[in-house]
Amino acid sequence: MACLRLNGYTLDLDRAQLFDRHGQAVELRPQALAVLLELGRRPGELVTKLDLGARVWPGVSVTDDSLVQCVVEIRRALGDSRQQVVRTMPRRGYLLIVDAVDTAPRDMRRFYRLAAALAMLAVAIVLVWQLLLLVAGPPKVHNRMVADVAVLPLRVLNTSQEGSLDGNGLAYMIASGLARNPDLRIVSTLATTELSGKNLSPVQIGAMTHARYLVDGSAERRGDRLQLHVQLIDSGNNRIVWSGRFEPTAQDLPDVTETLISRISASLGATVRESDRAALRSRAPASLDVHARVLRAIALSMAASPEGLRQARQELELAVRLDPNYAPAWACLGLVKKKLIFGNHDPGLSRQDLLQAIADVKHAIALDPLLASSWRSLSLTIESGQTPESAESAVSAAERAIELGPGDPDNWVVLAHALHNAGRTQAAIEAFEKAISWSPLRPPQYASLAARLRYSVQDYENAQRFARECMDRTPAMGFCKAVWLSSLIRTGHAVEAEAEWPALVAAAPSLQTYQMTPRNTPMALSVDEDLNRLRTNNTRAMAQ
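Residues numbered from 1 in each chain as written. Predicted model: local features only at pLDDT ≥ 70, side-chain atom pairs only at ≥ 80, totals over all residues. Heavy atoms only, no water.

Some points on the packing of aromatic side chains
Taken as a whole, this structure holds two aromatic pairs when the rule is applied. Between the NZ or CZ atom of Arg 468 and the centre of the ring of Trp 484, over which it lies, the distance is 4.9 Å. (Phe/Tyr/Trp six-rings, centres within 6.5 Å; stacked < 30°, edge-to-face > 60°. Lys NZ or Arg CZ within 6 Å of the ring centre and 35° of its normal.)

Pasting the structure below:
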């Protein structure tokens, strides 16, 4: 029997199965298992991406993302967080490093295998003897599995009422609570918002998100109380695993949130650490009005349209006046200001206001240092400072967000963004690959980062593809247009870029003065050079 030891796990090549340290089978998707087997047949040797693609997907054209997702899944199954077992050989492929026992001489390996076989035989004999003594038959074995969860926008039943809630904002807060659990992987709420109103069945949503379970429900504001009905659904068979009803006041919200997260986690076989329980019992908002304004602002900032961001700022500034000690309001306000500043979407804000935006987020952290979303907002805000110190500070903030919310892919995407701006592109790509490995349903914002990363490694064709996706899904984002135009030029389509320039500027006038940030990076210099060339050529054409 051909077996390899991998970080204490056993890969049985003959049976095509991975076993954990206790001899239990480890579930992998068929494609991920096929990749692991191919690597296992050539341990210690470089196996190219081309070779893996030809053997795992024969006759099928697949992107690198498919292979990367398999590798991420394998590493997760093996506990290979430091990538010492499955090693990446940049731009070439992967190699598998077996445990020391498997690098011993062949005779020693035979000895170990014989000893293991005898031990297994002895255990089997004892087990048979014990089973014969059991009247009730063999005990049931429960394999604990990690569950993927998608939190859907809650249905709001009285949207016409003043001070009503926002279902997207509620989903965001529930998902943030669940993401604190290291055993759970949450589909980004930036992606699930796009499913709202499409009348999809749980099975369809499960297929689109690859989430095994869905959190769904409704919310209604009734005076000073909030009526919540939440249920956990198995996406494979539409079965309701758990449901609960709550009627909290504003002061009850922290306790109800803790109860909700704990019950959902317990239904999935996961536990909530005591430190996370403390975080969930964060300070309550002063009123449901404050809570509702923050939820609406969160939803508006997700859409990221100029008008939506301006409305979000108004909601949040009123929220912090009504409750100066509510951390989520300050964190969201600082991030919204940053987006308005760098998008040139608010004439009342300029680059000089960035320091105040950063101060707003830091104030949120001072009020509640255990909110992962605040640290994520800090990373996104301070990376705009455009200095080496701010870039590394952004990385540290993103890493803290991951410590507090390891199950939220948005935290990993923000880390990838910060690492890229700090000049650590390979580490950024790896963090991004981890985020996108959890679900095929990805937010439009992810396409923006994918374009940035592919451009940075001079993969201009894929940069152009991701930038085009970003343009189609978030038309207001000037960065995507800039990268798309520059990628066109660098793939030999300068004439097409010049033809597209007038229409793009007409649709987004800010493109006329757009400059890439952070400044003075190789990517920024390249994009700015190409945009300046387009501006010059367009001016000459108009003058003729």
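So, helix H3 (residues 64–78)
In an α-helix there are 3.6 residues to a turn, and that puts residues three or four apart on one side. For H3, spanning 15 residues, the distance from its first C-alpha to its last is 21 Å, which sits close to the expected 21 Å at 1.5 Å a residue. Of all 15 residues in H3, eleven are buried, a share of seventy percent or more. One or two residues past the end of H3 sits Gly 79, with phi positive at roughly 65°. (Helix = DSSP H or I, 4+ residues; strand = E, 2+ residues; numbered from the N terminus. Expected span 1.5 Å × (residues − 1). Buried < 20%, exposed > 50% of the residue type's maximum accessible area, 1.4 Å probe, protein only.)

Some remarks on the sheet that holds strand S3 (residues 17–19)
Taking strand neighbours across the sheet as the criterion, the four strands line up as S1-S2-S3-S4 in an open arrangement whose pairing is antiparallel. Here the strands that pair on one side only, and so sit at the sheet edges, are strand S1 (3–6) and strand S4 (25–26). In the sheet, S3 pairs with S4 via two bridges, with the strands oriented antiparallel. Its bridge partner lying in S4, Leu 18 is registered against Val 26. Sheet strands touched by helix H1 (residues 30–40): S1, strand S2 (9–12) and S3. Its angle to S2, the strand with the most contacts, is close to 85°. (Pairing = 2+ DSSP bridges. Contact = heavy atoms within 4.5 Å. Axes fitted to C-alpha atoms, helices over the stretch in contact; angles between N-to-C directions.)

A short note on the environment of Ala 297
Take Ala 297: it is sitting in helix H10 (residues 288–303). Assessed through its relative accessible area of 0%, Ala 297 is described here as buried. For the pair Ala 297 and Gln 311, spaced 14 residues apart in the sequence, the C-alpha separation amounts to 7.4 Å. Ala 297 has contacts with Ala 312, Glu 315, Leu 316 and Cys 332, leaving out every residue within four places of it along the chain.

A closer look at helix H12 (residues 327–343)
With 17 residues, H12 should cover 24 Å at 1.5 Å per step; its first-to-last C-alpha distance of 25 Å lies within 8% of that length. With 16 of its 17 residues buried, H12 lies for the most part within the structure. The first or second residue beyond H12 is Asn 344, which carries a positive phi of 55°.

Structural notes on the state of the cysteines
Summed over all chains, the structure comprises one disulfide. Paired by a disulfide, Cys 470 and Cys 480 hold their sulfur atoms 1.8 Å apart. Judged by the sign of its S-S torsion, about 40°, the cystine formed by Cys 470 and Cys 480 is right-handed. One end of the pair, Cys 470, is in helix H19 (residues 460–473); the other, Cys 480, is in helix H20 (residues 478–490), with ten residues separating them in the sequence. The same class applies to Cys 470 as to Cys 480, namely buried. (Disulfide = S-S within 2.5 Å.)

As for the packing of H1 against helix H2 (residues 49–56)
Any two packed helices are characterised by the angle at which their axes cross and by the distance between the axes. The N-to-C vectors of H1 and H2 enclose an angle of 125°; their axes lie 10 Å apart at closest approach. When the interaxial angle is binned, H1 and H2 end up oblique. Viewed along their axes, H1 and H2 form a crossing whose handedness is right-handed. Here Gln 31, Ala 34, Val 35, Glu 38 and Leu 39 of H1 come into contact with H2, specifically with Leu 52, Arg 55 and Val 56. Looking at the contact of H1 with H2 residue by residue, the classes come out as five nonpolar, one polar and two charged. (Parallel < 35°, antiparallel > 145°, perpendicular 65-115°, else oblique. Left-handed = near helix turned anticlockwise from the far one by under 90°. Nonpolar A, V, L, I, M, F, W, Y, C, P; charged D, E, K, R; others polar.)

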